[in-house]
Amino acid sequence: MIPAQFDYQVANTLEEAITILAKDPDGSKVLAGGHSLIPAMKLRLAQPQLLVDIARIKSLSYIREEGDRVLIGATTTHYEIQSSDLLKRICPLLPECAASIGDVQVRNKGTIGGSLAHSDPAGDWPAAAISLGADLVVVGNEGERVIRADDFFVDLLTTALQPGEILREIRIVKPQGRFGQTYQKVSHPASGFAVVGVAMSLVLAADGSCESAGVGITGVATKAYRAHAVETSLAGNRLDEQTIGSAASHVCDGVDPNSDLYASGEYRCHLAQVHTRRAIQTALGRAK
Ligand SMILES: Cc1cc2nc3c(=O)[nH]c(=O)nc-3n(C[C@H](O)[C@H](O)[C@H](O)COP(=O)(O)OP(=O)(O)OC[C@H]3O[C@@H](n4cnc5c(N)ncnc54)[C@H](O)[C@@H]3O)c2cc1C
């Protein structure tokens, strides 16, 4: 498989990348790890005139705390997140999610920003970003804007990013108090992509009941989504087996599940229920 002909330019700064993209926003595409874009180009699903390589922009790769938030640069690789001691301590869902992605080679090249911007229906990061209520900072020729993860994923391979915009940073409020998190996934045996992925973030009140829950689901529908009905069934309640099972049963409420050769929609929803239940139990266990 050979991509259509294209030009290639390396950007050394964010400003340079924005300027290059602004010359032909519709014909250009940002290249980060290339692990989704290059396969799409080889299949001719994407045929950009110009690739703007942002992988060498040092100011886009970092993980740091700032006040009550943790900030992650868009070109931070899956492996860097997987191996971050800071994240293991303050937001363990992120390293756990990163560790589940593809294989070592994919994790060494693929970036969190590329994965979010690609919005693959089986991608892992969108579910984690929704579960944690992340803010995504995007920048273009017109300036900067902040998009909530809930509003970022629009449809299959479609996000709220406008042509010429670059996802710059992922911001997450650090979980406080008695919190428990986990990422539970059924991986496709060939690619490692999620047949179903459940990102769970629970905060417990002093009496042990659930203060709040963040539940992001991937693999089931055309885009990652927030399982609102699961969250409302958990919040304010003691998490006994009956409450957990009943909450998990709502994971596909209002969703039209994907069917393909590997898994029917019905099977995907069954997996989602089983793994949502498991995710609640695991997060609860970690919160104590
Ligand atoms: C064999 C294999 C297995 C995989 N397994 C998994 C898996 O288990 N789970 C999973 O989630 N993913 C998986 N992936 C995908 C992998 O995680 C990709 O790295 C990721 O989806 C895209 O990140 P990237 O940095 O490679 O982006 P690229 O491929 O460079 O770009 C992807 C898209 O995002 C755009 N883009 C990239 N960065 C930005 C930015 N900062 N701002 C705006 N637009 C941007 C590009 O223009 C392009 O449209 C797998 C890939 C392969 C090849």
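Just so we're clear, the structure is a prediction, and the values are computed from it rather than from any experiment. (Residues numbered from 1 in each chain as written. Predicted model: local features only at pLDDT ≥ 70, side-chain atom pairs only at ≥ 80, totals over all residues. Heavy atoms only, no water.)

Trainee: Explain the pattern of salt bridges to me, using residue names and the numbers behind them.
Mentor: It is possible for side chains bearing opposite charge to pair when their charged atoms get close. With the rule as written, the count across this model stands at 15 salt bridges. Across the pair Arg-56 and Asp-53 runs a salt bridge, and its minimum N-O distance is 4.0 Å. Salt bridges sharing partners connect three or more residues here, namely Arg-148, Asp-150, Asp-151, Arg-226 and Glu-231. (Salt bridge = Lys/Arg side-chain N within 4 Å of Asp/Glu carboxyl O.)

Trainee: Report on the sheet that holds strand β1 (residues 7–10), specifying residues and quantitative values.
Mentor: Ordered by their spatial adjacency, three strands build an open sheet running β1-β3-β2, and the pairing between neighbours is parallel. A strand with exactly one partner marks an edge of an open sheet, and here the two such strands are β1 and β2 (28–31). Shown here is a sheet whose adjacent strand axes are inclined to one another by a mean of 25°, direction ignored. Relative to the sheet, helix α1 (residues 14–23) contacts β1, β2 and β3 (50–53), its axis offset from that of β3 by approximately 170°. (Pairing = 2+ DSSP bridges. Helix = DSSP H or I, 4+ residues; strand = E, 2+ residues; numbered from the N terminus. Axes fitted to C-alpha atoms, helices over the stretch in contact; angles between N-to-C directions. Contact = heavy atoms within 4.5 Å.)

Trainee: Before we move on, can you summarise the nonpolar core with the specific residues and values?
Mentor: Ranked by internal contacts, the top residues of the largest apolar core, which has 37 residues, are Ile-81, Leu-94, Leu-116, Trp-125, Phe-152, Ile-170 and Ile-172. When residues no more than four places from it in sequence are discounted, the contact partners of Ile-170 are Val-70, Leu-71, Ile-72, Ala-74, Ile-112, Leu-116, Ala-134, Asp-135 and Leu-136. Leu-204, Ile-217, Ala-279 and Ala-283 belong to the second-largest nonpolar core, a separate cluster that totals 32 residues. (Core = buried A, V, L, I, M, F, W, Y, C linked by side-chain atoms within 4.5 Å. Buried < 20%, exposed > 50% of the residue type's maximum accessible area, 1.4 Å probe, protein only.)

Trainee: Let's hear about helix α12 (residues 265–287): which residues, and what values?
Mentor: When the terminal C-alpha atoms of α12 are compared, their 32 Å separation across 23 residues agrees well with the 33 Å that a helix rising 1.5 Å per residue should span. Taken together, the buried positions of α12 are Gly-265, Arg-268, Cys-269, Leu-271, Ala-272, His-275, Thr-276, Ala-279, Ile-280, Ala-283, Leu-284 and Ala-287. (Expected span 1.5 Å × (residues − 1).)

Trainee: Now, about the site of the ligand: what can you tell me, with residues and values included?
Mentor: Neighbouring the ligand are 31 residues; Val-30, Leu-37, Thr-111, Asp-124 and Gly-192 lie closest to it. One of the backbone nitrogen or oxygen atoms of His-35 is found 2.8 Å away from an oxygen atom of the ligand. Thr-111 places a side-chain nitrogen or oxygen 2.6 Å from an oxygen atom of the ligand. The protein chains hide 90% of the 970 Å² of surface that the ligand would expose on its own. Every element with two or more residues in the shell around the ligand is listed here: β2, α7 (112–118) and β10 (166–173). When residues in the shell around the ligand are grouped by element, the largest group, four residues, is from α7. For the shell around the ligand, the residue count by class is 13 nonpolar, 14 polar and four charged. (Near = heavy atom within 4 Å. Polar contact = N/O pair within 3.5 Å; in protein donor to acceptor, adjacent residues only side chain to side chain. Areas by Shrake-Rupley, 256 points an atom, 1.4 Å probe, with all protein chains shown as cover. Nonpolar A, V, L, I, M, F, W, Y, C, P; charged D, E, K, R; others polar.)

Trainee: Describe the environment of Gly-133, with residues and values.
Mentor: Residue placement: Gly-133 occurs in the loop between α8 (125–131) and β6 (135–140). When its relative accessible area of 38% is taken as the criterion, Gly-133 is described as partly exposed. The sequence separation of Gly-133 and Cys-210 amounts to 77 residues, and the corresponding C-alpha distance is 17 Å.

Trainee: Please provide a residue-by-residue account of the side chain of Glu-169, values included.
Mentor: Structurally, the position occupied by Glu-169 is in strand β10. The class for Glu-169 is buried, based on a relative accessible area of 3%. Among the polar contacts listed, one links the side chain of Glu-169 to the side chain of Tyr-62, at a separation of 2.5 Å. Residue contacts for Glu-169: discarding those within four places in its chain leaves Tyr-62, Arg-64, Leu-71, Ile-72, Ala-74, Asp-135, Leu-136 and Val-137.

Trainee: Can you explain the state of the cysteines? Please cite residues and give values.
Mentor: Taken as a whole, this structure holds one disulfide when the rule is applied. One disulfide bridge connects Cys-252 with Cys-269, the sulfur atoms lying 2.3 Å from each other. A torsion of -110° about the S-S bond marks the disulfide between Cys-252 and Cys-269 as left-handed. You can see Cys-252 sitting in the loop between α11 (241–248) and α12 and its partner Cys-269 sitting in helix α12, a full 17 residues away along the chain. The exposure class assigned to Cys-269 is buried, which follows from its relative accessible area of 14%. Cys-97 takes part in no disulfide bond, and the closest cysteine sulfur to it belongs to Cys-91, at a distance of 10 Å. (Disulfide = S-S within 2.5 Å.)

By themselves, these are just geometric observations and shouldn't be taken as functional.
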